[in-house]
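# Examining the three-dimensional arrangement
These are the residues of each chain, in order.
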Amino acid sequence: QKEVEQDPGPLSVPEGAIVSLNCTYSNSAFQYFMWYRQYSRKGPELLMYTYSSGNKEDGRFTAQVDKSSKYISLFIRDSQPSDSATYLCAALPASGGSYIPTFGRGTSLIVHP
Amino acid sequence: SQTIHQWPATLVQPVGSPLSLECTVEGTSNPNLYWYRQAAGRGLQLLFYSVGIGQISSEVPQNLSASRPQDRQFILSSKKLLLSDSGFYLCAWSGGTGNQPQHFGDGTRLSIL
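An account of the accompanying structure is given in this report. Starting afresh in each chain, residues are numbered from 1 along the sequence in its written order. Chain labels run from A onward and ligand labels from 1 onward, assigned in the order the entries are written. Per-residue local features are limited, in this predicted model, to residues with pLDDT of at least 70; the limit for side-chain atom pairs, both in listing and counting, is 80 or more; totals at the level of whole chains, interfaces and linings are taken over all residues. Note that the side-chain values use all heavy atoms of the structure and ignore hydrogens as well as water.

Before going further, it helps to examine the interface of chain B and chain A. The contact rule is simple, with two residues in contact once any of their heavy atoms fall within 4.5 Å. Each side of the interface is counted separately: chain B has 25 residues, and chain A has 21 residues. The salt bridge criterion pairs a side-chain nitrogen of Lys or Arg with a carboxyl oxygen of Asp or Glu, the two atoms within 4 Å. For the pair chain B and chain A, the number of links is 1 salt bridge. For aspartate 106 of chain B, the salt bridge identified is with lysine 42 of chain A, shortest N-O distance 3.8 Å. The definition of a polar contact used here is a pair of N or O atoms within 3.5 Å, where within protein one atom must be able to donate a hydrogen and the other to accept one, and adjacent residues in sequence count solely through side-chain atom pairs. Seen at the junction of chain B and chain A, the total is 4 residue pairs in polar contact (both at pLDDT 80 or more). Elements that contribute at least two residues to the side of chain B that touches chain A include exactly β4 (32-39), β5 (43-52), β9 (87-94) and β10 (103-104) of chain B. Helix numbering and strand numbering both begin at the N terminus, where a helix is a DSSP run of H or I of at least 4 residues and a strand a DSSP run of E of at least 2.

Attention shifts here to the nonpolar core. We call a set of buried residues a nonpolar core when its members are Ala, Val, Leu, Ile, Met, Phe, Trp, Tyr or Cys and they connect through side-chain atoms within 4.5 Å of each other. Exposed residues in this analysis have more than 50% of their type's maximum accessible area, buried residues have under 20%, and partly exposed residues fall in between, with area computed by a 1.4 Å probe over protein chains only. If you look at the biggest cluster of nonpolar residues, it comprises 23 residues, and the most contacted ones within it are Trp35, Ile72, Leu74 and Tyr87 of chain A. By size, the runner-up hydrophobic cluster in this structure holds 19 residues, among which are Leu21, Leu76, Leu81 and Leu110 of chain B.

Once that is clear, we can look at the sheet that holds strand β7 (residues 64-70) of chain B. Residues and elements named next belong to chain B. If DSSP finds at least two bridges between two strands, the strands pair. Read from one edge of the open sheet, 4 strands run β1-β3-β8-β7, paired in antiparallel fashion. The sheet is open, and its two borders are formed by β1 (3-7) and β7, each paired with just one other strand. When strand polarity is set aside, the average angle formed by the axes of neighbouring strands in this sheet is 15°. Inter-axis angles, ranging from 0 to 180 degrees, are taken between N-to-C directions of lines fitted to C-alpha atoms, where helices are fitted over the stretch in contact.

What follows concerns the sheet that holds strand β6 (residues 54-58) of chain A. Residues and elements named next belong to chain A. With respect to topology, 5 strands assemble into an open sheet ordered β1-β3-β8-β7-β6, the strand pairing being antiparallel. Only two strands of the sheet have a single neighbouring strand rather than two, namely β1 (4-6) and β6. Pairs of neighbouring strands in the sheet enclose a mean axial angle of 20°, with direction left out of account. As defined by bridge partners, β1 adjoins strand β3 (residues 19-25) across 3 bridges and the pair is classed as antiparallel. Within the sheet, the bridge partner assigned to glutamine 6 lies in β3 and is cysteine 23.

Printed below as a string of C-alpha cells:
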C-alpha cells in the first residue's frame, strides 16, 4: 500500500462547479501537506502548503486536513476550464530532518465549459 | 523571489548516447535539490537528491548519475542511454531546513530512439 493514495480520475465537472479532490494517507508522522497543480507537459506548481489539521484558504482554493481520519482535501470554488490539470497531494513528516515528501499519483481534473 | 531553470525542454537522443540535463536555482542559497522522473500514470519517482555541494543520494539504481558542482546547480547525466530512460525529468528545490515544500522546474521530455 502506498503511503499516500489518490484516485487518478479523471474527474469531469461543469464550469462553475465546486470541485473536491481528496487523498488518504497511512503514515501518522505526516504533519505537513501540500497540493500541487500540474498542467500537461509542465512541472508541478505548488498551490497550498499546510501544517497539521484544519483549513487554509487562498482565493478559490481551500485545503483541508483531517488528521484523525488521515484525509486531506482540496476544494476549488467556481471552477474554470483553466483549472483543468492534474492535482497531486504530498505529505512530509514533522521531525527527523526528512526532505523528501511522499506524493500521491495525482487526480486528473477536467472542467468543461 | 526564487526561480528554477531546467533545460532543455525537449530532447531526442539515440540509444547509447550520453546525457546531460542541467538545473539551476536562483534567489536562494544552500537549497536541497532533487531529480525526479515522471512516467504517465505512474507518479513521481525520486532519482537523486542533494543537501549540499558534492553530496548526492541515489534512490534508484540505474545507469543515471547526478552531480552538484555548485550550490545552486544540479546535473543529471548518463554515459549510455537506454530505451527505458525515456520519460519526463523534473528538477526541484526546497529550503535547506526540513519540512519545506518542493518547487519544480518545467521539466525535460526525453525521448530515446
